[in-house]
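The residues making up each chain are set out below.
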4 protein chains.
Amino acid sequence: MSDSRFPMTSNRSTGRPRDETLDTAIMRAAIDLVDERGYAAVTIDAIAERAKTSKTAIYRRWPKKAAIVMEAFLVAAEPLITPPDNLPFRDTVIAQMTALAKFFQTTPGGRTITDLIAVAQTDAALADAIRENWLIPRRTVACAYFQAAQKAGELRDGIDSSALIDALYGPLYFRLLLGHDAIDKSFIEHIVDMAMMGIAPNQEKSS
Amino acid sequence: MSDSRFPMTSNRSTGRPRDETLDTAIMRAAIDLVDERGYAAVTIDAIAERAKTSKTAIYRRWPKKAAIVMEAFLVAAEPLITPPDNLPFRDTVIAQMTALAKFFQTTPGGRTITDLIAVAQTDAALADAIRENWLIPRRTVACAYFQAAQKAGELRDGIDSSALIDALYGPLYFRLLLGHDAIDKSFIEHIVDMAMMGIAPNQEKSS
Amino acid sequence: MSDSRFPMTSNRSTGRPRDETLDTAIMRAAIDLVDERGYAAVTIDAIAERAKTSKTAIYRRWPKKAAIVMEAFLVAAEPLITPPDNLPFRDTVIAQMTALAKFFQTTPGGRTITDLIAVAQTDAALADAIRENWLIPRRTVACAYFQAAQKAGELRDGIDSSALIDALYGPLYFRLLLGHDAIDKSFIEHIVDMAMMGIAPNQEKSS
Amino acid sequence: MSDSRFPMTSNRSTGRPRDETLDTAIMRAAIDLVDERGYAAVTIDAIAERAKTSKTAIYRRWPKKAAIVMEAFLVAAEPLITPPDNLPFRDTVIAQMTALAKFFQTTPGGRTITDLIAVAQTDAALADAIRENWLIPRRTVACAYFQAAQKAGELRDGIDSSALIDALYGPLYFRLLLGHDAIDKSFIEHIVDMAMMGIAPNQEKSS
DNA sequence: TGATAACCGAGACGGTACGTCGGGTCTTTCT
DNA sequence: AGAAAGACCCGACGTACCGTCTCGGTTATCA
């Protein structure tokens, strides 16, 4: 639904009501087409045709292609926020990162995130939307978890939670966007283990 | 010039020679326009007009907009590869990261990297070009440095150099592309220090 | 009201009765808008808005824009049919033509006739409506008057009344539609006098 | 060709020259389509498709559909201006009117004049074009002929040539546009004869 | 020194997609 | 059942860039 995620809405009462099923159909069509042909090759006309509707109906809901795909992405990603379980810190982090990587790499919705980030480079509104509706909610959860872990003694003192999130997830997005190397179990473990144990030799640590 | 960085070249001998100054003028125009209006808003016609030349002359040199900007970016970035000095590991890494961040954030050429990565999401050839001509050369240098450092005992055993590069630079690109937080001295130091010392509490370390 | 002049009507009995004042309001709005902006620039939505009503209410009454304007035109033109007075032939004809010209050129309703004729070129139903409801009634009156005049010896024998009507009014509509010259007292008198006296030199006449 | 008949032209020298055959092909396609489907049902896309070209090429030449059809009409009408022969006045005029009526009623190009006049009701530029390029040239010729005839004693004194033209051709256009009656030999003769001999009874004449 | 070849500029070419507009219909709630 | 509001589908609009092409004209090298 087109709630606060991106402009556009109005709580009217009179007049013919919006066909709510169209929202879904359009987003479904959009995400599928992006998955099939790639973001750039998808046109609004094609989405309308696939969703068996008209351009008018689409433009009434979203101002541009990116907005449709953005909302579709969020809908697909909604069930992804899973509260951290009670495993040890390392396992929890690896589980979360693995789940995210899997979402990105295997689901039609997830695969579009790179295209969205791409468009966001030249579309400030979309960039805001991504930060507000995708990044920040997740960072908030992660931040809370990290601070709890710190209190529980699982993290040393002096850690900047925000930087830590970037230290863990940054490499993941980096490989996702640049595609220079695989994002697999081994990579995630390396990232997490380096972050946990550090890369300095032990003697320096114990000093 | 359009060498091996991206397709397009021909070793002729006869006929009117290419006006070499045009190469520069076109790239200059391209990079400036991108800086002024943003990548997406720049058209080939506009570049031609700004460079006081014609579309023909441009297409004779590069196959598409991204290729022009890519090469202009590389030319601007060329002097950036500085061999690691003989400072301690931490200082060297911070210096390199800081230099990169500065290039990205302050120079017209550097600011286009995000646009290039964006286009690369839907342009495999450009993605290859970025990896070949930008990422790999730098990773090779960094990798060599890391292995030397390891030999010198500045890094502990069992470190995957490739993952380490991503652990350090991934967060930087992440913030650059998503723009959710600042890339400043403090951030870089946090990233490096977490990587070096780890985030686990000391006792876990000494175990 | 939308009587036999153009399709669309229904003699219901049950349910909420039509708001008769709406008919007038819509026609008023239509004719005014056409006068202000020109026929082509007027949209059904604009008429609805001006008449403070809805498209639905309009389409319930008329099938298309032309039909609204047509009926409004007829309503405005209704009082125009004035029975020929007992003046001499020449004066009567000039009076009738002058009245028509004045209606066309000075009243909002009258000024739309050119637009209606224009639309009728690509709308057979409207063409019929114009002939049935505008042209024929007037031609019938004129025809009767001409035949009476003939009987009274005011016209020579062998005159085709139908052609005579066109000979008198055709030039008027011609200038109205093509706008190549003024329709004024002088013009009308010229037309009538040429028709009456002929253009051939006198000797030819008396022969 | 798109000369002074309607806006749009430029005598360049540099750059790829216009494909002159396209001008013809587009006008041909336009006139044929109008003839097949009627003016209103013809779209620019359809013209482009029929002429095996693109919308761009069309819009580069003419600003709107009416302009294309206008020029096509003029090209088709070009050979129509035939200098008056040396027949008696009545025969000459009938011949000219008959030729015009035939052009209007039987040729694809000629049949579009009504549509053009229709559009001209809401398009001042087109109205000008019609007057300048179609009406005035013919009126000039006719006017000269009438004045010569007057000098030769074939017309009586005191005739306004301009009004005479409208008296003869107005009825023709009137029936053409309103379609209330046929435009045939008999009609034309009636119009001409009424104009020549007048409709008043002889005694009034000789008085 | 003149042919040949590739360059250069300008701008027309066929295409594709855009986002908007208006038409005429349908679906609500309210009167 | 009409009124008002507004969503619906449809089709055309005129524009903007794309990447290619075709001109007239300009340097070069090579025969």
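Residues numbered from 1 in each chain as written. Chains lettered and ligands numbered in written order. Predicted model: local features only at pLDDT ≥ 70, side-chain atom pairs only at ≥ 80, totals over all residues. Heavy atoms only, no water.

- An unreviewed UniProt entry annotates chain A as Bacterial regulatory protein, tetR family of Variovorax paradoxus.

1. What about the packing of aromatic side chains?
Point 1. One pass over the full model with this rule turns up 40 aromatic pairs over all chains.
Point 2. Ring centres of A:Phe174 and B:Tyr173 lie 4.5 Å apart, and the angle between their planes is 20°; on these two criteria the pair is classed as stacked. Of this pair, A:Phe174 sits in helix 8 (residues 161-178) while B:Tyr173 sits in helix 8 (residues 161-178), each in a different chain. Each member of the pair, A:Phe174 as well as B:Tyr173, is classed as buried.
Point 3. What links up through ring pairs into an aromatic cluster is the set A:Phe73, A:Phe103, A:Phe104, A:Trp134, A:Tyr173 and B:Phe174. (Phe/Tyr/Trp six-rings, centres within 6.5 Å; stacked < 30°, edge-to-face > 60°. Helix = DSSP H or I, 4+ residues; strand = E, 2+ residues; numbered from the N terminus. Buried < 20%, exposed > 50% of the residue type's maximum accessible area, 1.4 Å probe, protein only.)

2. Concerning the UniProt feature "domain: HTH tetR-type" (unreviewed entry) in chain A
Point 1. UniProt marks residues 20-80 of chain A with the feature "domain: HTH tetR-type" (unreviewed entry), using the numbering shown here.
Point 2. Split by type, residues 20-80 of chain A is 74% helix and 0% strand. Its first and last C-alpha atoms lie 23 Å apart. (UniProt positions renumbered as here; feature names shortened; annotations may be inferred.)

3. Section: the environment of C:Ala142
Point 1. The residue C:Ala142 is located in helix 7 (residues 124-151) in this model.
Point 2. Distance from C:Ala142 to C:Val75, taken between C-alpha atoms, is 20 Å for residues 67 residues apart in sequence.

4. Let's talk about the interface of chain D and chain C
Point 1. Contacts between the two partners involve 51 residues from chain D, matched on the other side by 50 residues from chain C.
Point 2. For the pair chain D and chain C, the two sides together bury roughly 4,400 Å², of which 65% comes from carbon and sulfur.
Point 3. Its largest share of buried area at the contact with chain C, chain D owes to D:Arg156, D:Phe174 and D:Ile199, together 17% of the area lost on that side.
Point 4. Joining chain D to chain C, the criterion identifies two salt bridges.
Point 5. With a closest N to O distance of 2.5 Å, C:Asp166 and D:Arg175 form a salt bridge. (Contact = heavy atoms within 4.5 Å. Buried area = accessible area lost by both parts, 1.4 Å probe. Salt bridge = Lys/Arg side-chain N within 4 Å of Asp/Glu carboxyl O.)

5. A few points about the protein's contact with DNA strand F
Point 1. What surrounds DNA strand F is a group of 42 residues, the closest being A:Thr56, A:Arg60, C:Thr53, C:Arg60 and D:Tyr59.
Point 2. What you see for DNA strand F is that sugar and phosphate hold 63% of its atoms within 4 Å of the protein.
Point 3. C:Thr56 is positioned such that a nitrogen or oxygen atom in its side chain is 2.9 Å from a base nitrogen of DNA strand F.
Point 4. Put simply, the parts of the chain that give the surface near DNA strand F at least two residues each are helix 3 (55-61) of chain A, helix 3 (55-61) of chain B, helix 3 (55-61) of chain C together with helix 2 (44-50) and helix 3 (55-61) of chain D. (Near = heavy atom within 4 Å. Polar contact = N/O pair within 3.5 Å; in protein donor to acceptor, adjacent residues only side chain to side chain.)

6. With respect to the protein's contact with DNA strand E
Point 1. Residues in contact with DNA strand E amount to 44 residues; listed here are only the nearest, A:Tyr59, B:Thr53, B:Arg60, D:Thr53 and D:Arg60.
Point 2. Among atoms of DNA strand E positioned within 4 Å of the protein, sugar and phosphate together represent 62%.
Point 3. A distance of 2.9 Å separates a base oxygen of DNA strand E from a polar side-chain atom of A:Lys55.
Point 4. D:Ser54 is positioned with one of its side-chain polar atoms (N or O) 3.3 Å from a phosphate oxygen of DNA strand E.
Point 5. Its residues placed into classes, the surface near DNA strand E shows 10 nonpolar, 15 polar and 19 charged. (Nonpolar A, V, L, I, M, F, W, Y, C, P; charged D, E, K, R; others polar.)

7. Some points on the relation of the copies chain D and chain C
Point 1. The transformation that overlays chain D on chain C combines an axial shift of 0.0 Å with a rotation of 179°, and the residual RMSD is 0.3 Å. Seen this way, the second copy is the image of the first under a two-fold rotation axis. (Least-squares fit on C-alpha atoms with pLDDT ≥ 70 in both.)

8. Describing the pattern of salt bridges
Point 1. Counted according to the given criterion, the structure contains 52 salt bridges over all chains.
Point 2. The partner of B:Asp35 in a salt bridge is B:Arg111, with the nearest N and O atoms 3.3 Å apart. Taken together, the residues span a long stretch of sequence, with B:Asp35 in helix 1 (residues 20-37) and B:Arg111 in the loop between helix 5 (89-106) and helix 6 (113-120) at a distance of 76 residues.
Point 3. Among the residues examined, B:Asp35 registers a relative accessible area of 32% and is labelled partly exposed.
Point 4. Salt-bridge contacts for C:Arg61 lead to C:Asp23; the nearest nitrogen and oxygen are separated by 3.2 Å. Here C:Asp23 lies in helix 1 (residues 20-37) and C:Arg61 lies in helix 3, a separation of 38 residues in the sequence. Like C:Asp23, C:Arg61 is buried.
Point 5. When salt bridges that share partners are traced, they join A:Arg139, A:Asp166, B:Arg175 and B:Asp181 into one network.

9. Overview of the confidence of the model for chain A
Residue and element names in this part refer to chain A.
Point 1. In the predicted model, chain A carries a mean pLDDT of 90, and the fraction of residues at 70 or more is 91%.
Point 2. Taken together, the stretch residues 1-10 has pLDDT below 50 and engages in 22 contacts with residues farther than four places along the chain or on a different chain.
Point 3. This stretch, residues 203-207, has a pLDDT under 50; its non-local contacts, to residues over four places away or in other chains, come to six contacts. (pLDDT = per-residue confidence, 0-100.)

10. Quick look at the UniProt feature "DNA-binding region" (unreviewed entry) in chain A
Point 1. Per the UniProt record, "DNA-binding region" (unreviewed entry) is annotated on residues 43-62 of chain A.
Point 2. In this annotation, residues 43-62 of chain A is assigned 70% helix and 0% strand; the end-to-end C-alpha distance for the span is 14 Å.

11. Structural notes on the interface of chain B and chain A
Point 1. Taken together, the 51 residues of chain B in the interface contact 49 residues of chain A.
Point 2. Buried area between chain B and chain A, summed over both chains or domains, comes out near 4,400 Å², and the portion from carbon and sulfur atoms is 65%.
Point 3. The largest contributions to the chain B side of the interface with chain A come from B:Arg156, B:Phe174 and B:Ile199, which together make up 17% of the buried area.
Point 4. The tally of links from chain B across to chain A stands at two salt bridges.
Point 5. At the junction of chain B and chain A, the tally comes to 24 residue pairs in polar contact (both at pLDDT 80 or more).

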